[in-house]
Amino acid sequence: MIIRWICEKDNKKWMYPIQKCIYCKGPIKKQVSRKARVIGITKVNIPSPMHPIIPYNVILLEDEHGNRMPKKTMKDYKIGDEYKIEKAKSDSAVIATKIKYDLYEALKSSLELLNSFDVMENDKVLIKPSIIEPAYSYTAVNTNPKILDALITLLKEKNINDIIVAEQAMIGNDTLDSAKKSGILEVCEKHNIGFVDLEKAEYVEKEADGIKFRIAKNFIERKVINIPVMKTNSQIGVSGAVENMMRCTHKDTQKIMFEHDIEKTLPKLLKTLPRFLSIGDATIGMHGQGPTSLGEPAFLNMLFASKDPVALDVVFVEMGMLEMPQYLKECGSLGLGNCNEKTIEVVGDELEAIKFALKPAKKNESAHPKIKLIDGKANPYIFNSAIKATAKLVGLSGQEINLAIGSQLTKDMIADKNRLVAYGNGAIEKIKSLGITPIAEITDDIDDLEKIILLKSILENPEKEGITVVDKIKSKIFKFGAKIKNGF
Amino acid sequence: MAIYIKGAGMTKFDVDERSSYERVYECVNEALDSGNVSMREIEAVFVSNCEPETNGERQRHTGPMMSSMFQKKMPIITVPAGCGGGGTALWNAAEFQKKNNMRNILVIGFEKLVANLSENITDEMFMGGERIYEQSEGVIFPAQNALVAQQYMEKYGATEDDLALVALKNHENAFLNPKARFYGKKVTLDMIKKSPVVASPLRLFDCSIPCNGAAATIISRNKTGVELAGSGLSTSKLASFEREDMTSWDSTINAAKIAYQEANISPKEVDIAEVHDAFTPVELISYEDLGFCKKGEGHYLIRQGITKINGKLPVNTSGGLKAKGHPISATGVSQIYELFLQLTGNAKDRQVDNVNYGLAHNTGGAGSITSVHILKRAM
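Below or above, wherever it landed, is the structure these notes cover. This is a predicted model, so every value here is computed, not measured. (Residues numbered from 1 in each chain as written. Chains lettered and ligands numbered in written order. Predicted model: local features only at pLDDT ≥ 70, side-chain atom pairs only at ≥ 80, totals over all residues. Heavy atoms only, no water.)

All names here are of chain B. Tracing the chain through its elements places Ala347 in the loop between helix 13 (331-343) and strand 10 (357-364). A relative accessible area of 1% means that Ala347 is categorised as buried. Residues Ala347 and Lys324, 23 residues apart in the sequence, show an inter-C-alpha distance of 14 Å. Beyond its immediate sequence surroundings of up to four residues, Ala347 is in contact with Leu341 and Gln342. (Helix = DSSP H or I, 4+ residues; strand = E, 2+ residues; numbered from the N terminus. Buried < 20%, exposed > 50% of the residue type's maximum accessible area, 1.4 Å probe, protein only. Contact = heavy atoms within 4.5 Å.)

Pasting the structure below:
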């Protein structure tokens, strides 16, 4: 797709959206071509960080208006060949699209390339963005509001007007605060679309393989368009289309899913859900210690779209040259989607041509270099709380702590760990059941500020063998002082 | 008001890990000494540098860095313009001089580029390309120029052999230049033609060599033996594929037109030229855009030996970017250094006889920003 913004009067062409001509002040016409001819070819033999696989070809394309663009490809073309992207043939196809300055056109093109767009004029639509914590859009923590804006615009152009946006933040974070800071709420208001806080939604129960899922009723009754942010995830490797659907369940269900091993329960959840369309937000995307703001923006400038959430996630994993997460393999083996990258139909940009190494998330890292995380698949509340607490201690020196979280800890994970701290009730109970005594236990019921004070005390005192009554009193006094300072 | 070149200096272009401060100090000293000038007499500085992230220096704020080095409070203006930085800095300095009539203005270009893994350096340079269409589609600079070369060769019948002759000529010249990266290193036509393909049709020897270096020159209101007779600067669209004709660089044509007018000469009067041969086809295209021949005839100049050091119009007697080396922002100023040596009769083994006019052509990107300077023997 070659796009130009042109002023016919002044014979000017821009490669990016221009609202009006800066010469004649007149209107701008958008010129979009979906067919082009190959007029140049070069085979590149030297790698660079963004293009590590060599050799690759760059073809120079020219459309009927004489507009040109280069395109990276692994295929061999000849000068004079026609370059055209064919529509997907299968339901599990993944559309991969590089955004050329115009998100709306990229999204439109992605949806047109699906073998069918199954949302009709009278359908009731639910858009499920990813909003996990109060963070600005540049952090790539939450779905880019510009995608939501473009999607709603496209749906309205198709006369699909019964649309809601529904989401809840990661447990422990306020949904409306998160929706507001992310910019999602503003887009909803702009389009006069209702935002449903799923914490207050009506739920229906569905069962799969012995697990009862309480799923927001709207997700059963409406056609769902899922817009996850494509990220690396320090707990499960990658979060994308499959993981984003976890937050259509009640918080208690989410906790149960983690207690029963999230990598095994995500596929089970997928079994209970009607089919949905996913649009993977890699406008920025995240790598490193995602999914929270510990991760780094990846600046991918891409969109993925698929009716198969498993295939979509697998394509992202392959693109980022990451290790395949266990839950995606499980989804594949249960027939919930295609997890075989060799048989996934990738349409648009070629998978091999978009590959470059993203930074994987490291499982044992917290925000503080001296606090190592031992993650027994902690639920989002505990995980979030641990990450936030360790983030508050950044800058303090001390002696290494092993902070164990989650109820899926094993003896192998913790047996030889020094200065083991059990964080959260799940970890406390599990460690006890394994016959191991940590130097400290920090329970769920104490205030976040107190947790930080207690962790600080352990970090800074190498000889410390546990949390004493004095520590607990001190942390309560500190918390009380902080409340007075903040005027309660 | 006439502007003169009072002095010039440059470091050897190499991959030595010396700091930027050491290199700048060295070339500025040489420029001051060659013009018999003290730092006391310098009233402003124009400096160009890309501030690379990969060289470990983490030194932005180049102007104050120079102020610390020169121990002097004066206007120090930073002029980054990618590979065209040095020439652009000189153009700015000349314009500043026309308005302010200062005694002496120092112009510096420096770069510590080669200080990391080659893929990281490639990536660093890659940032000079357009992000959405070029960087994300793998159009590294060799690929960008390969696509231009292909269009050019198809349109005008130039061949890979012509490109090889450009490389050979510039290597022969660099062999004689003690400050060139390839000084004293014998490169044969066979080596050039058998070198690995980087981005077809361009081979390794069609690409300029990244290196570290610094160069300085002093422009002055006081008459010297070399006059800066004309200066032109022009920009064009960032991406070469955006331009109507990919085989001709309008920024070169525009900058040259201004410089020739200002110097009141025609291209025929140019005796010697330093041309921005970042890639060998660029030298051929530039022969045409600078008016040394008609459009599409650039390859005949190289075939006929006209641009060899003993030819009618020697081009890149220094070795050019190809073989002297290309430390980005230093390149444009190092071209002035070469012309200064030639016009003052100090080019030793590579001295060309009867040089009255020398032209320097310096480009950033694939013709995105170009300066053309014409130096004249003033005695």
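That covers the picture; the talk isn't over yet.
All right, on to helix 7 (residues 160-174) of chain B then. All names here are of chain B. Relative to the 21 Å expected for 15 residues at 1.5 Å per residue, helix 7 spans 21 Å between its end C-alpha atoms, a close match to the ideal helical length. The buried fraction of helix 7 is high, at 11 of 15 residues. Within helix 7 the residues assigned to the buried category are Asp162, Leu163, Ala164, Val166, Ala167, Leu168, Lys169, Asn170, His171, Asn173 and Ala174. (Expected span 1.5 Å × (residues − 1).)

Our focus in this paragraph is helix 3 (residues 175-182) of chain A. Note on helix geometry: an α-helix contains 3.6 residues per turn, so any two residues three or four positions apart are oriented the same way. Residues and elements named next belong to chain A. Of the positions making up helix 3, those classed as buried are Thr175, Ser178, Ala179 and Ser182. Buried residues of helix 3, seen end-on, are gathered within an arc of 100° and therefore sit on one face of the element. By the N-cap criterion, in which a side-chain oxygen at the helix start approaches the backbone nitrogen of a residue two or three places on, helix 3 is capped by Asp174, the distance to Leu176 being 3.1 Å. Following helix 3 by one or two positions, Gly183 adopts a phi angle in the positive range, close to 95°. (Arc of directions from axis to C-beta. Polar contact = N/O pair within 3.5 Å; in protein donor to acceptor, adjacent residues only side chain to side chain.)

This part covers the sheet that holds strand 2 (residues 44-48) of chain B. Strand-to-strand pairing in sheets goes through backbone hydrogen bonds, with the strands running parallel or antiparallel. Residues and elements named next belong to chain B. The 9 strands lie next to each other as 3-2-4-7-1-8-11-10-9, forming an open sheet whose pairing is mixed. The open sheet has two edge strands, strand 3 (76-78) and strand 9 (272-274), and neither has a second partner. Averaged over all pairs of adjacent strands, the angle between strand axes in this sheet comes to 25°, irrespective of strand direction. Across 9 bridges, strand 8 (residues 226-235) lies against strand 11 (residues 369-377) in antiparallel orientation. Across the sheet, Gly230 pairs through a bridge with Ile374, a residue of strand 11. (Pairing = 2+ DSSP bridges. Axes fitted to C-alpha atoms, helices over the stretch in contact; angles between N-to-C directions.)

Turning our eyes to something else, we now look at the interface of chain A and chain B. Tallying the contact residues gives 32 residues for chain A and 32 residues for chain B. Between chain A and chain B lies a buried interface of about 2800 Å² when both sides are counted; carbon and sulfur atoms form 57% of it. Counting across the interface, chain A meets chain B through 3 salt bridges. Put simply, chain A and chain B have 20 residue pairs in polar contact (both at pLDDT 80 or more) between them. Among the elements of the structure, strand 1 (2-7), strand 4 (35-44), strand 5 (56-62) and strand 6 (68-73) of chain A are those that each provide at least two residues to the side of chain A that touches chain B. In terms of residue count, the dominant contributor to the side of chain A that touches chain B is strand 4 of chain A (6 residues). Here the residues of the side of chain A that touches chain B are counted per class, giving 17 nonpolar, 6 polar and 9 charged. (Buried area = accessible area lost by both parts, 1.4 Å probe. Salt bridge = Lys/Arg side-chain N within 4 Å of Asp/Glu carboxyl O. Nonpolar A, V, L, I, M, F, W, Y, C, P; charged D, E, K, R; others polar.)

Side chains that are nonpolar tend, in soluble globular proteins, to be buried together. Tyr260(B), Phe292(B) and Leu359(B) are the most contacted members of the largest nonpolar core, which totals 68 residues. The element contributing the most residues to this core is helix 6 (residues 141-156) of chain B, with 8 residues. In this view, Leu359(B) contacts Tyr260(B), Val270(B), Ile272(B), Ala273(B), Glu274(B), Leu290(B), Phe292(B), Leu339(B), Val372(B), His373(B) and Ile374(B); residues no more than four positions away in its chain are not counted. The next biggest cluster of nonpolar side chains, apart from the first, holds 54 residues, and it includes Leu126(A), Val224(A), Leu322(A) and Tyr327(A). (Core = buried A, V, L, I, M, F, W, Y, C linked by side-chain atoms within 4.5 Å.)

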